Amino acid sequence: MKRVFSNNGFILILIASLVIMLCSGCGRKTLPVPPAQIQPAAVTDLSGRLTGGNIELTWSIPESDSPVSRFVIYKASRAIAEGECTNCPLAFVKIAEVPAIHQKSEAVFRMMFRDAVKKGYVYTYKVIGIADKGAVSGDSNLAETRYE
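These numbers come from a predicted model, not from an experiment.

Digging into the pattern of salt bridges
Here's step 1: Counted by the stated rule, this structure contains 10 salt bridges.
Here's step 2: Between aspartate 45 and arginine 110 there is a salt bridge, and its shortest N-O distance comes to 2.8 Å. Separated by 65 residues along the polypeptide, aspartate 45 in the loop between helix H1 (7–23) and strand S1 (47–51) and arginine 110 in strand S5 (residues 110–116) bring together distant segments of the chain.
Here's step 3: Judged by relative accessible area, which is 26%, aspartate 45 ranks as partly exposed.
Here's step 4: For arginine 110, a relative accessible area of 39% translates into the label partly exposed.
Here's step 5: Its salt-bridge partner being glutamate 56, residue arginine 49 comes within 3.2 Å of it at the nearest N-O pair.

Topic: the sheet that holds strand S6 (residues 121–131)
Here's step 1: The antiparallel open sheet is built from four strands, whose spatial order is S4-S3-S6-S7. For this open sheet the edge positions go to strand S4 (93–99) and strand S7 (143–147), each flanked by a neighbour on one side alone. Strand-to-strand twist of the sheet, defined as the mean angle between neighbouring strand axes without regard to direction, takes the value 25°.
Here's step 2: Here S6 pairs with S7 via five bridges, running antiparallel. From the neighbouring strand, tyrosine 125 faces S7, where its bridge partner is alanine 143.

Quick notes on the rules
- Residues numbered from 1 in each chain as written.
- Predicted model: local features only at pLDDT ≥ 70, side-chain atom pairs only at ≥ 80, totals over all residues.
- Heavy atoms only, no water.
- Salt bridge = Lys/Arg side-chain N within 4 Å of Asp/Glu carboxyl O.
- Helix = DSSP H or I, 4+ residues; strand = E, 2+ residues; numbered from the N terminus.
- Buried < 20%, exposed > 50% of the residue type's maximum accessible area, 1.4 Å probe, protein only.
- Pairing = 2+ DSSP bridges.
- Axes fitted to C-alpha atoms, helices over the stretch in contact; angles between N-to-C directions.

Set out below in structure tokens:
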């Protein structure tokens, strides 16, 4: 039986195969990117009013290509005795997460949330909408209420 390849030929074919496997690829390699999501519309009509010892927040569910499935409500508070501070940053704290209630009619549905509060404070609220797949809206307008 005759040898077709010598040891040198076999090594050259092996090296060429390795070079081809290492140099070939499917394109540029980068970090993974999450799929694009449509951001839900932000609430623009958040309002609050004092009723008894509670602040009642109301807002309408915004129309969006990515409908909101729930809302996260944030609150910041400061004592009235501290005086006015127009440039002070607000330290918001998550106080609740509520499901969005959608109506089958064409009427705009208003959401409502009540928060128990103490006298002597200024309370500021904001609401953020979250869609089914986790896309988050921007912050709503701020609703400020004083309880003197």
